[in-house]
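# An overview of the molecular structure
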Amino acid sequence: MSYMKEISQYCEDEDIEGLTEFLYSNGENNKSTAINMAAGFIIAHKEMRNRHEDEAYKVLNNIHDKLQKEEEE
C-alpha cells in the first residue's frame, strides 16, 4: 500500500492512534511530531469532507474516494 493510501485510510477511519503510529514507526519523525502530523491530517481530512460542495474540494474528495475504492479491491 502506498504512503498516501495508508494515510487516507487512517483519516477516513479517524484513527489518530493508528496514523500516529504509522507516521512514527518509519523512523523519520519523533513521537511528538507524529502526533502533530496525525492531528493535522485528520483535521484537514474533515475539512475536505465538510466542504465537498466547493469546486476545489470536489476534486480532492474524488481523489480520496478513488484511493479508498482501490483499497477495497
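Below you will find a few notes about this structure. (Residues numbered from 1 in each chain as written. Predicted model: local features only at pLDDT ≥ 70, side-chain atom pairs only at ≥ 80, totals over all residues. Heavy atoms only, no water.)

### Observations concerning the environment of Glu 6
- Within the secondary structure layout, Glu 6 lies in helix H1 (residues 3–12).
- What makes Glu 6 buried here is its relative accessible area of 19%.
- Glu 6 sits 16 residues away from Phe 22 along the chain, and the two C-alpha atoms are 8.5 Å apart. (Helix = DSSP H or I, 4+ residues; strand = E, 2+ residues; numbered from the N terminus. Buried < 20%, exposed > 50% of the residue type's maximum accessible area, 1.4 Å probe, protein only.)

### Section: the pattern of salt bridges
- Counting across every chain of the model gives seven salt bridges.
- Here Arg 49 ties to Glu 12 by a salt bridge, and the two come within 3.0 Å at their closest N and O atoms. Taken together, the positions of Arg 49 in helix H3 (residues 31–50) and Glu 12 in helix H1 put the pair 37 residues apart, joining distant regions of the chain.
- For Arg 49, a relative accessible area of 22% puts it in the partly exposed group.
- For Glu 12, a relative accessible area of 34% gives the class partly exposed.
- Of the charged contacts, one joins Lys 31 and Glu 21 as a salt bridge, the two residues approaching to 3.5 Å between their closest N and O atoms. A residue pair is termed long-range when its members are at least 10 positions apart, and Lys 31 in helix H3 and Glu 21 in helix H2 (residues 16–25) qualify at ten residues.
- Judged by its relative accessible area of 39%, Glu 21 falls in the partly exposed class.
- In the salt-bridge network here, residues are joined through shared partners; they are Glu 12, Arg 49 and Asp 65. (Salt bridge = Lys/Arg side-chain N within 4 Å of Asp/Glu carboxyl O.)

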